[in-house]
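Here is how the chains run, residue by residue.
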Amino acid sequence: EYQKCNLCCVAGYRGKDEEVFLYLPLCAAFLFLTAGPRVTYVPPPPSEDEESIFSHYESGVNFDKYDEILVDVSGTNPPPAIMTFDEAALCESLKRNVSKSGYVKPTPVQKHGIPIISAGRDLMACAQTGSGKTAAFLLPILQQLMADGAAASCFSEMQEPDAIIVAPTRELINQIYLEARKFAYGTCVRPVVVYGGVSTGHQIRDLLRGCNVLCGTPGRLLDMIGRGKVGLTKVRYLVLDEADRMLDMGFEPDMRRLVGSPGMPSKENRQTLMFSATFPEDIQRLAADFLKTDYLFLAVGIVGGACSDVEQTFVQVTKFAKREQLIDLLKSTGSERTMVFVETKRQADFIATILCQEKFPTTSIHGDREQWQREQALGDFRSGKCSVLVATSVGARGLDIPDVQFVVNFDLPNNIDEYVHRIGRTGRCGNTGRAVSFYDPGADSELARSLVTILSKAQQEVPSWLEESAFSGHSPSGFNPPRKHFASTDLRKGGFFQDGSVTSQLAAQTAADDEEWE
C-alpha cells in the first residue's frame, strides 16, 4: 500500500518498503498542508423574519436622474423597453415582493434587461454598480419559472436546477442568493447557494432539500457537479455576474469546464446572461463563445466611467506619508461608514490594526481570512459596530452595503477598471458618495491619463498636477493613452458609444488581482 503513494513515487522512493514507510509521515504532513484542515464552518441561517428579508435602504436624491441616462441596445430586433414594473407582466407573488422590497420604478438596466430576458434573448449587459443589475436578471427568470409551475423537489439525490447563477466571490454570490430568496418569498421556487469556506456536507444537505435556482462560486459549484449532487440537463438559464471577471484568466477555465460538463445544454439550447460594469474588448471576444450569435448588448451610460453621484478627490502623497494622511482624513469624516482599499492582504490587516490603535472601530476583509471571519467582518460593518472596513479586491466587486458614504483608495489599483469598481461601493441607487484616492507619483503615474479620462467623463474637477502628470510623458512607460476597450460599445459595432441613443447614463468597472477571490 505504501508503495502506491503517489507523493512517494514523485519523490523517487519506489523501491524499498522501509524507505517508503520512512517518508509516509512526510506525505501525510504534505497532504494536510496542501489540502488544509477539513472545513466544518456552518454559517448561521438567514433570517426568516419578513421584515429582515425585505429590509432595504432608500433610493437617493439622484435616483430620478437615472431617467436621463443614455442607453444603447445593439443587436437584431431588441424588444421595447418597459417603463413600469406593471409592464413586466409579473405574477402577483413577484409583484408583491417587488413592492415590499421598496422598488417603485425600474432603473434603466431593468427597463431594458427585463424584456430582453423575458423574450428569451441572450444578453451582455453593462451598467454602473448599484444600478439594479441583480433584479434585472432575477425577476424575469423567477417569473418564467413560476409561470411554468416550477417547484423544488426534495426527493432526489441529484438536484437539477432550472437556473445557475455564478459570481466570483463568496460575498457577492451570497448577496445574490439573498436577493433571489427575497423575490421568491412565499412561492414554490427555492434558491440555494454554494460557495467555499463552508462545510460541504451542510451545503449538500441544504441542496437536497430542493433547488430551482442554484447560486455558486465556480470551485464549489464544479465540486457539487463532480460529486453527482447537481445535474445540468434541465438548465435553462446560465447567468454570469461580474462576467468580465468570470471570463478573465482566473476563472475562464472553470467557466469552460462548467459549460462543457456532461448534461449542460449547448448555448443554442439555454439562455446565457452576462452582467458587469465593465466589458473590455478581449472579454467580449471570449464571451461570444458562450452566447448565441444574435445576443443583445445593453450599454447603460458610459461604460468604463465612474458614477457621477460619487465626488472624486485625489491627494498627492508619497508612500510613507499615506498612513498619517488616512488618519487625518478619518478624523475629519467622523463616524461615516468608510471602505479603505489596499493592494495586499498583509497591508489590509496592518492598516486595520493601526486604525484600531487610533480608536477607529475597524475590521478587515481579504482572501486569507476564514469564511466566518469574512462574514463577521461584513456583519460588523453593515451593523455599524465597525465604521471602517479595510479591504482588498475581494470587497471591490458587487457588494451592496447600505450607507457607505466614503471610499478611500489608500493604494490605487494597477488598472482603471478596478478603480471604478472600488469607488462604486458608494453613491449607489441614486445616493451620493465621496471617494478620496492617494496618488503616489512614484507608483501611480501609469494610471494618470486614464484617471483624467474618468474624471472628465463624470464631470469631476481634474487637479492640475494630475493633468500635468498624465500628459508630461514622465511615467515609466511614457504616454498612457486611454484603452480602446474602455468605452460602452458593442464590439460587433466597432467605434465608441455616441451620445444620442436612448435616454439614460451609468457606469463600469473591473479587477485583476492576484488574490484568491473564491
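Residues numbered from 1 in each chain as written. Predicted model: local features only at pLDDT ≥ 70, side-chain atom pairs only at ≥ 80, totals over all residues. Heavy atoms only, no water.

As annotated in an unreviewed UniProt entry, the protein carries the name RNA helicase and comes from Oreochromis niloticus. Entered under Sequence similarities (unreviewed entry) in the UniProt record, the comment concerning the protein runs "Belongs to the DEAD box helicase family. DDX4/VASA subfamily." (UniProt positions renumbered as here; feature names shortened; annotations may be inferred.)

Engineer: How would you explain the UniProt feature "short sequence motif: Q motif" (unreviewed entry) in the protein if you had to name every residue and give the values?
Structural biologist: Under the UniProt annotation, "short sequence motif: Q motif" (unreviewed entry) lies at residues 83–111. Across residues 83–111, the secondary structure splits into 45% helix and 0% strand, with the terminal C-alpha atoms separated by 6 Å. (Helix = DSSP H or I, 4+ residues; strand = E, 2+ residues; numbered from the N terminus.)

Engineer: Lay out the nonpolar core in plain terms, naming residues and giving numbers.
Structural biologist: Of all hydrophobic cores here, the largest spans 49 residues; its most connected members are Leu-123, Phe-137, Ile-165 and Phe-275. Tallying contributions element by element places helix α6 (residues 133–147) first for this core, with nine residues. Excluding its chain neighbours within four sequence positions, the residues that come into contact with Phe-137 are Ile-117, Ile-165, Ile-176, Val-239, Asp-241, Leu-273 and Phe-275. (Core = buried A, V, L, I, M, F, W, Y, C linked by side-chain atoms within 4.5 Å. Buried < 20%, exposed > 50% of the residue type's maximum accessible area, 1.4 Å probe, protein only. Contact = heavy atoms within 4.5 Å.)

Engineer: Break down the side chain of Arg-374 for me, citing the residues and quoting the values.
Structural biologist: Looking at the element boundaries, Arg-374 is found in helix α15 (residues 371–383). At a separation of 2.8 Å, a polar atom in the side chain of Arg-374 contacts the side chain of Glu-171. (Polar contact = N/O pair within 3.5 Å; in protein donor to acceptor, adjacent residues only side chain to side chain.)

Engineer: An account of the pairing of strand β5 (residues 213–216) is requested, with residue identities and associated values reported.
Structural biologist: Taking every second residue as pointing to the same face, both faces of β5 are buried, with Val-213 and Cys-215 on one and Leu-214 and Gly-216 on the other. Of the strand pairs in this sheet, strand β3 (residues 163–166) and β5 are connected by four bridges, and their pairing is parallel. Paired with Val-166 across the two strands is Gly-216, which belongs to β5. One ladder, built from four bridges, connects strand β4 (residues 191–194) with β5; its direction is parallel. Across the sheet, residue Val-193 finds its bridge partner in β5, namely Cys-215. Each parallel crossover has a hand, and for β4 linked through helix α8 (residues 200–207) to β5 it is right-handed. (Pairing = 2+ DSSP bridges. Right-handed = clockwise from strand over helix to strand, strands pointing away.)

Engineer: How would you summarise the packing of aromatic side chains if you had to cite specific residues and measurements?
Structural biologist: Overall, the coordinates contain eight aromatic pairs when judged by the stated rule. Each ring, one from Tyr-103 and one from Phe-183, has its centre 5.8 Å from the other, and the planes form 85°; the classification is edge-to-face. In this pair, Tyr-103 sits in the loop between α4 (92–100) and α5 (108–118) while Phe-183 sits in helix α7 (residues 170–183), placing the two residues 80 residues apart along the sequence. A relative accessible area of 0% places Phe-183 in the buried class. Centroid distance Phe-279 to Phe-297: 6.5 Å. Interplanar angle 65°. Geometry classified as edge-to-face. Here Phe-279, found in the loop between β7 (271–276) and α12 (281–287), pairs with Phe-297, found in strand β8 (residues 296–300); they are 18 residues apart in sequence, far enough to count as distant. (Phe/Tyr/Trp six-rings, centres within 6.5 Å; stacked < 30°, edge-to-face > 60°.)

Engineer: Now, about the sheet that holds β3: what can you tell me, with residues and values included?
Structural biologist: Ordered in space as β1-β8-β2-β7-β6-β3-β5-β4, the eight strands form an open sheet in which the pairing is mixed. Two strands in the sheet have a free side with no partner beyond their single neighbour: β1 (71–74) and β4. This sheet shows a mean twist of 15° between the axes of neighbouring strands, independent of strand direction. Of the pairings in the sheet, the one linking β1 to β8 comprises four bridges and is antiparallel in character. Looking at β8, one finds that Val-73 is bridged to Leu-298. (Axes fitted to C-alpha atoms, helices over the stretch in contact; angles between N-to-C directions.)

Engineer: If you had to explain the pattern of salt bridges to someone new, which residues and values would you point to?
Structural biologist: For the structure on display, the rule yields 25 salt bridges. Across the salt bridge formed by Asp-122 and Lys-292, the nearest N and O atoms sit 3.0 Å from each other. Remark: Lys-292 occurs in the loop between α12 and β8 and Asp-122 occurs in the loop between α5 and β2 (123–126); sequence separation between them is 170 residues. Here Lys-322 makes a salt bridge to Asp-411, at a shortest N to O gap of 3.0 Å. Of this pair, Lys-322 sits in helix α13 (residues 322–333) while Asp-411 is found in the loop between β13 (406–409) and α16 (416–423), placing the two residues 89 residues apart along the sequence. Taken as a pair, Lys-322 and Asp-411 share a single burial class, namely buried. What emerges from the salt-bridge pattern is a single network uniting Asp-148, Asp-162 and Arg-236. (Salt bridge = Lys/Arg side-chain N within 4 Å of Asp/Glu carboxyl O.)

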